[in-house]
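Notes for the structure review
So the chains spell out like this:
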Amino acid sequence: MAAREVGGVALGRSADKLFSLSGLFAVYKPKGPTSAGVLNLLKERLLAEAGVQTNGNKRNQVLKIGHGGTLDSAAAGVLVVGIGKGTKMLRTMLAGSKKYTAIGLLGKATDTLDATGKVTEEKPYDQITKGDLENVLQKFTGDIMQVPPLYSALKKDGERLSTLMKRGEAVEAKPARPVRVYSLSLQQFQPPLFTLDVECGGGFYVRSLVSDIGKELSTCATMQELTRTKQGPFTLEEHALHEDKWTIDEIARSLEHCSSLLPGEPSHKKLKTEHPGETAVSCE
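Our subject in this report is the structure included herewith. Here, residues in each chain are numbered from 1, in the same order as that chain's written sequence. Residues qualify for local features only when their pLDDT is at least 70, as the model is predicted, and side-chain atom pairs are given and counted only at 80 or more; totals for whole chains, interfaces and linings, by contrast, use all residues. Side-chain measures were taken over the full set of non-hydrogen atoms in the model, leaving aside hydrogen atoms and water.

Let us now look at the pattern of salt bridges. Two side chains with opposite charge may pair up if their charged atoms get near one another. For this document, the term salt bridge refers to a Lys or Arg side-chain nitrogen within 4 Å of an Asp or Glu carboxyl oxygen. Using the criterion set out here, one finds eight salt bridges in the structure. In this structure, Glu243 engages Arg45 in a salt bridge whose closest nitrogen and oxygen atoms are separated by 2.4 Å. In this pair, Glu243 is assigned in the loop between strand E16 (240-241) and helix H9 (248-258) and Arg45 in helix H2 (residues 35-50), connecting sequence segments 198 residues apart. Salt bridges here are not isolated pairs; linked through shared partners, they connect Lys245, Glu250 and Arg253. The helix count covers DSSP runs of H or I at least four residues long, the strand count covers runs of E at least two residues long, and both are numbered beginning at the N terminus.

Moving on, we get to the side chain of Thr219. Summarising the element assignment, Thr219 is placed in the loop between helix H7 (206-216) and strand E14 (221-231). What makes Thr219 buried here is its relative accessible area of 2%. Contacts are residue-level and defined by heavy atoms, with any inter-residue pair within 4.5 Å sufficient. Dropping the residues within four chain positions of it, Thr219 is found in contact with Leu106, Gly107, Lys123, Pro124, Tyr125, Ile128 and Gly214. Exposure is judged per residue with a 1.4 Å probe applied to protein chains only, and the accessible area is read against the type maximum: over 50% gives exposed, under 20% gives buried, and values in between give partly exposed.

Judged by nonpolar contacts, the single largest core of 29 residues is most densely connected at Phe194, Leu196, Phe204 and Ile213. Counting residues per element, this core draws most heavily on strand E12 (residues 177-190), which supplies five residues. Excluding residues within four positions of it along the chain, Phe194 makes contact with Ala102, Ile103, Gly104, Leu105, Leu106, Leu133, Leu186, Gln188, Phe189, Val210 and Ala221. Nonpolar cores were defined as sets of buried Ala, Val, Leu, Ile, Met, Phe, Trp, Tyr and Cys residues, with membership established by side-chain atoms within 4.5 Å. Counting residues in each nonpolar core, the second largest holds 25 residues, with Val38, Ile65, Ile248 and Leu255 among its members.

The following block contains the structure:
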């Protein structure tokens, strides 16, 4: 059988295996890098292992790879990756359910609604009890309306709102939109910190949730940490490959392991998502 070629160059065995990979798997995204940055590093690692040399942007034509829902750079956790024909399945990940563990801080608000922003407000929080917090959570469970944060991946005239805000341009808040919260529970309460477990649908912002909870308690709150623990059927503990496992063989094993999680054919027709590419710190 003739060796497969890329750019007119015959591939070796490792490269041939890499370009035959197809499906969905998950990697662990640490705090710090963007989701796109993690994906680029993964791509570079795989192409280097396969001995495929690329020039700049040509690598995008060489290896077909993408992710199924942005995690903000300040967040960590599960990032679902599609490779080969699996990239066509990523859209279902955007609209599917996700689970997060979030740590909120009472008494302070920031312009980004998380720890990366500038403090815009401080209020007392000593009066708030664990019971107060648990009671408020009920108001944010089920089908609710949510205003997305100004610092987000949502776009105006083709540019991200966060980019416009960083340039100092005036940005109007987007109108509230319907989102779904499947479950919401308080895991820990050590004032001023509180830890939430959230399971939500696509387009949901955990930053906005934490901020809204603060307002509902007659104080303010900002998100300190966010970890996505589950996206669709992919969990942080069982499926997310850490950087030391970003090899062709490990990903091949993971694709095989994860194939049983996925339907044979996408059961939802094309899922309509107003905000693809968002999902996390909430959805970025």
